[in-house]
Amino acid sequence: MTLVLGLHWDLSIYRECQRTQGVSTTDLVGRMLLMTKAHHSVANNEATQDFRRHQDNFGKDARGRSPWTGVSQFLQTSQKIMQFASGKEPQPGDCIIYVAGAFDLFHIGHIDFLEKVHSLSEKPYIIVGLHFDQEVNHYKRKNYPIMNIHERTLSVLACRYVSEVVIGAPYSVTSDLLDHFKVDLVCHGKTEVLPDKDGSDPYAEPKRRGIFQTVDSGNNLTTDDIVQRIIKNRLEYEARNQKKEAKELAVLEAQQRRERIIEGQEN
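Residues numbered from 1 in each chain as written. Predicted model: local features only at pLDDT ≥ 70, side-chain atom pairs only at ≥ 80, totals over all residues. Heavy atoms only, no water.

1. Description of the overall build of the protein
Then, number 1: Within the protein, the secondary structure is distributed over 11 helices and 5 strands.
Then, number 2: Within the protein, buried positions represent 42% of all 267 residues.
Then, number 3: In the protein, 78% of the contacts between residues at least 6 apart in sequence involve partners at least 24 apart.
Then, number 4: Taken as a whole, the protein presents about 16300 Å² of accessible surface, with 51% of it coming from carbon and sulfur. (Helix = DSSP H or I, 4+ residues; strand = E, 2+ residues; numbered from the N terminus. Buried < 20%, exposed > 50% of the residue type's maximum accessible area, 1.4 Å probe, protein only. Contact = heavy atoms within 4.5 Å. Areas by Shrake-Rupley, 256 points an atom, 1.4 Å probe, with all protein chains shown as cover.)

2. Examining the pattern of salt bridges
Then, number 1: Under the criterion given, the structure shown has 9 salt bridges.
Then, number 2: Here D133 ties to R152 by a salt bridge, and the two come within 2.7 Å at their closest N and O atoms. Of this pair, D133 sits in helix α6 (residues 133-140) while R152 sits in helix α7 (residues 149-157), and the two are 19 residues apart along the sequence.
Then, number 3: Residue classification places D133 among the buried positions, given a relative accessible area of 0%.
Then, number 4: For R152, a relative accessible area of 0% corresponds to the buried category. (Salt bridge = Lys/Arg side-chain N within 4 Å of Asp/Glu carboxyl O.)

3. Focus on unusual backbone geometry
Then, number 1: Looking along the chain, the bond that leaves Y144 and enters P145 is cis, with omega of 0°.
Then, number 2: Structurally, P145 is set in the loop between α6 and α7.
Then, number 3: In the Ramachandran plot, F103 falls in the positive-phi region, its phi being about 50° despite a non-glycine side chain.
Then, number 4: Here F103 shows up in the loop between β1 (95-101) and α5 (108-118).

4. Details of the pairing of strand β4 (residues 185-188)
Then, number 1: Burial along β4 is two-sided: the residues L185 and C187 and V186 and H188 are all buried.
Then, number 2: Inspection of the sheet shows β1 paired to β4 by 3 bridges, in the parallel sense. Of the residues in β4, the one forming a bridge with Y98 is V186.
Then, number 3: Where β4 lies against strand β5 (residues 212-214), 3 bridges are found, and the strand directions are parallel. Directly across from C187, in β5, lies its bridge partner Q213. (Pairing = 2+ DSSP bridges.)

5. Considering the sheet that holds strand β3 (residues 164-167)
Then, number 1: On the basis of which strands lie adjacent, the open sheet formed by 5 strands has the order β3-β2-β1-β4-β5 and parallel pairing. At either end of the open sheet lies a strand with only one pairing partner, and these are β3 and β5. On average, adjacent strands in this sheet sit at an angle of 25° to one another, irrespective of strand direction.
Then, number 2: Looking at chain direction, β1 and strand β2 (residues 124-130) are connected through 7 bridges and run parallel. Across the sheet, the residue bridging to G101 is L130, located in β2.
Then, number 3: Lying on the sheet, α5 is in contact with β1, β2 and β4; it crosses β2 at an angle near 140°. (Axes fitted to C-alpha atoms, helices over the stretch in contact; angles between N-to-C directions.)

6. As for the layout of surface pockets
Then, number 1: Roughly 880 Å³ of volume is contained in the largest pocket.
Then, number 2: Lining of the largest pocket is provided by 32 residues; of these, H110, H188, T191, E192 and T222 occupy positions nearest its centre.
Then, number 3: When residues of the lining of the largest pocket are traced back to their parent elements, those giving at least two are β1, α5, α6 and α10 (223-232).
Then, number 4: Classifying every residue of the lining of the largest pocket by side-chain character gives 12 nonpolar, 14 polar and 6 charged. (1 Å grid on protein atoms, 1.4 Å probe; cavity = no way out; pocket = protein on both sides within 12 Å on 5 of 7 lines; lining within 4 Å. Points joined across faces, edges and corners; volume = space filled by probe spheres on them. Nonpolar A, V, L, I, M, F, W, Y, C, P; charged D, E, K, R; others polar.)

7. Some points on the side chain of R152
Then, number 1: Polar side-chain contacts of R152 include one of 2.9 Å to the backbone oxygen of A102.
Then, number 2: In this structure the side chain of R152 is engaged in a polar contact, spanning 2.8 Å, whose partner is the backbone oxygen of H131.
Then, number 3: Non-local contacts of R152, meaning those with residues more than four positions away in its chain, are made with G101, A102, F103, D104, L130, H131, F132, D133, V136, P145 and M147. (Polar contact = N/O pair within 3.5 Å; in protein donor to acceptor, adjacent residues only side chain to side chain.)

8. Comments concerning the side chain of E205
Then, number 1: Within the element layout of this structure, E205 appears in helix α9 (residues 204-209).
Then, number 2: Residues contacting E205, with those up to four places away along its chain left out, are V173, T174, S175 and L178.

9. Concerning the packing of helix α2 (residues 25-34) against α10
For any two helices packed against each other, the geometry is given by the interaxial angle and the distance between the axes.
Then, number 1: One can describe the packing of α2 onto α10 by two numbers: an axis separation of 10 Å at closest approach and a directional angle of 85°. With respect to α10, the element α2 is oriented roughly perpendicular. Contacts between α2 and α10 involve V29, M32 and L33 from the first element and V227, I230 and I231 from the second.
Then, number 2: Taken together, the residues of the contact of α2 with α10 break down into 6 nonpolar, no polar and no charged. (Parallel < 35°, antiparallel > 145°, perpendicular 65-115°, else oblique.)

Structural data, given as C-alpha cells:
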C-alpha cells in the first residue's frame, strides 16, 4: 500500500477527501439489519437507548470500544448543503428537467439514470425532487428509506448531473411545481410507479401536458438489491467489523503504553 500511494504522490494524482461528519457506513448497515424506523427524520426522538445499544454493537470487539469505529449522529446544517450544492441557477436556453423519488442509498443505478437524463438535452438543468421519509415509507414499506431526508439530500447534491434538489417534494407532480420551476420535461425510470394515496397517477399532470418521458438507465440495480446483499452477508460483515475493531483497539493500547512510558521517563 505504501508503494502504491507513493507512486500516486509522485504522479500528483493522489487526492484525499475529508469525510462528512456523522455519515457512517456502519450506521447504514446497522439500519438495514435492525429493520427499525428510528433513523427517519421525524422519528429521531423515538430512538431508544436500547436501539442505540444494539445499533452500536454490530461487529464490536469484546474487549471494548474503539474511538474510531462506531455510530455518530449526522447533523444537517445550511453550510453542509452549500458545500455540496452547485449554486447554479437555470440560464436562458437551459432545458429544465424534473425527476423525483427516494434516491435511497444513492448508488450506481441512480447515477446511470441521471446520466441518461442529462444526455437528453445539450443544456440540461436537472432538478431532483426528494420525497420525505414518511412518504417513502408509505410506498416502500418496511424500514425504508435507509437514509433519511438529510443524508439523501447531500448524496444527490454531490452528483455532477444534478443542479438543484427539492427537499420534501410532493409525491404527485403538481401543476404548481411545474409552473414554479418552469419545467420542460419530467422523467422517470422503468421502476414501478405506485398510485398516490387517493389512487391517482402521480405523473398525471406532466402526462397531460405532454412533457413526461420514461428513461431506461440500462441498470437494474435497486436499493432493495443492496439491502438483500447486506442481509445475506451479515455474518461476514460482523466478522469484518470485529477484526477492524480489534486492530484499532491494539493501536490505541500501543499509543497509551507509549504515552505512559514517556510520562515515566519525564518523571
